[in-house]
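The lines below spell out each chain.
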Amino acid sequence: MAHSFATSLIHAENIKTVAVASRRASSADAFASLHDIGKSYSSYDALADDPEIDLVYIATPHSRHKSDSIMCLHAGKGVLCEKPFAINAHEAREVIDLARKRKLFLMEAMWTRFLPSFGKLRELLAEDAIGDVQLILAGGGFQPDRDAEAYLWQPELGGGVLLDAGVYPVSAASMILGDPDQVKACGSIGDFDVDEQDSVLLQYEGGRTAILYVSLNVTSSPDMTILGKRGRIYVHAPMFAPTRIDLQINGEDVQAFELPIIGNGYQYQAVAAANAIRDGDTECNLMPLNETLAIMNTMDLIRDQIGMRYPMENLT
């Protein structure tokens, strides 16, 4: 993620990549050399203390998101933290409360929200193109190597499919329908003690529903269908970085919208964060903190029902 993010910033105007930090000096030096970054640090707190930095992008393992965000906020830095924003809603609330207390910028790095395709999706929904949304169908599956050293399979790092990939359909449903009234979920915990497959039903006011799934056991292109009373919107795979959206009004031909991404697309969120800081804002309206907290609450409810609990949660 850090490499992808750094690569994307060549397309971001008025953003200067000042420094990188890693737990090993050799890794930080190699990263800085690869991406032409002037400073490299062998500790995260050294980077947080750099007076030249306004915004820190955090791409450490899930289990470190809370502590690294808090460290950077205490150092007076704005924070753009990778999804999932934290391990659970309790952690997310701690970080959000600190940012608000210190009046510093904070945002979840849900890059999908900032892509041209999702801008078009919001436009179509705002225009009531398909009428009242009644049903969302979204999900996908991939089968990574079962390498015990990979973070996906390590519960102590916040592994498992929900926090890594399931956050995308949960976040998309949140953007479209808001906070659910009911959450029903089932899933499977595998040999590595992380969730490998989850199915989720979210119920909203008026009977509106989102049916979501995510899996490490099967391969299925991640896409999304949004059904309204007047038609449907189909978000082509991959739904986390789509470049095409189809609109079909009932009884009419499909309208296809091609929405290419410049570079790998991670820079859009960085530009939004930088612009917010320049404007004196402490949040971004496309990914507000209250919604990030609501999404973490939803994922907590999902994990409660499937029995997925992380080791660090057993200590609190």
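The structure under discussion appears in the preceding block.
Computed from a predicted structure; not experimentally measured.

1. Quick notes on the sheet that holds strand E9 (residues 209-215)
Across the sheet, 8 strands lie side by side as E7-E8-E9-E6-E10-E11-E12-E13; this open sheet has mixed pairing. Of all strands in the sheet, those with a lone pairing partner are strand E7 (182-189) and strand E13 (255-258), marking the two edges. The average angle at which neighbouring strand axes cross in this sheet is 10°, direction not considered. Relative to strand E10 (residues 220-228), strand E6 (residues 133-141) is paired through 7 bridges, and the arrangement is antiparallel. Each residue of the ladder has a partner; that of Leu137, found in E10, is Thr225.

2. Considerations on the pairing of strand E4 (residues 78-82)
Most of E4 is tucked away: 5 of the 5 residues are buried. Residues of E4 alternate between two faces, with Gly78, Leu80 and Glu82 on one and Val79 and Cys81 on the opposite face, all of them buried. As judged from the 4 bridges shared by strand E3 (residues 55-58) and E4, these two strands associate in the parallel manner. Bridge pairing links Ile58 to Cys81 in E4. Tracing the backbone out of E3, into helix H4 (residues 65-74) and back to the parallel element E4 gives a crossover that is right-handed. The handedness of the E4 to strand E5 (residues 106-109) crossover, carried by helix H5 (residues 89-102), is right-handed.

3. Section: the sheet that holds E5
Across the sheet, 3 strands lie side by side as E3-E4-E5; this open sheet has parallel pairing. In this open sheet, the two strands that pair with only one neighbour each are E3 and E5. Averaged over all pairs of adjacent strands, the angle between their axes in this sheet comes to 15°, without regard to strand direction. Sitting on the sheet, H4 is in contact with E3 and E4, with an inclination near 170° to E4.

Scoring rules and cut-offs
Residues numbered from 1 in each chain as written. Predicted model: local features only at pLDDT ≥ 70, side-chain atom pairs only at ≥ 80, totals over all residues. Heavy atoms only, no water. Pairing = 2+ DSSP bridges. Helix = DSSP H or I, 4+ residues; strand = E, 2+ residues; numbered from the N terminus. Axes fitted to C-alpha atoms, helices over the stretch in contact; angles between N-to-C directions. Buried < 20%, exposed > 50% of the residue type's maximum accessible area, 1.4 Å probe, protein only. Right-handed = clockwise from strand over helix to strand, strands pointing away. Contact = heavy atoms within 4.5 Å.

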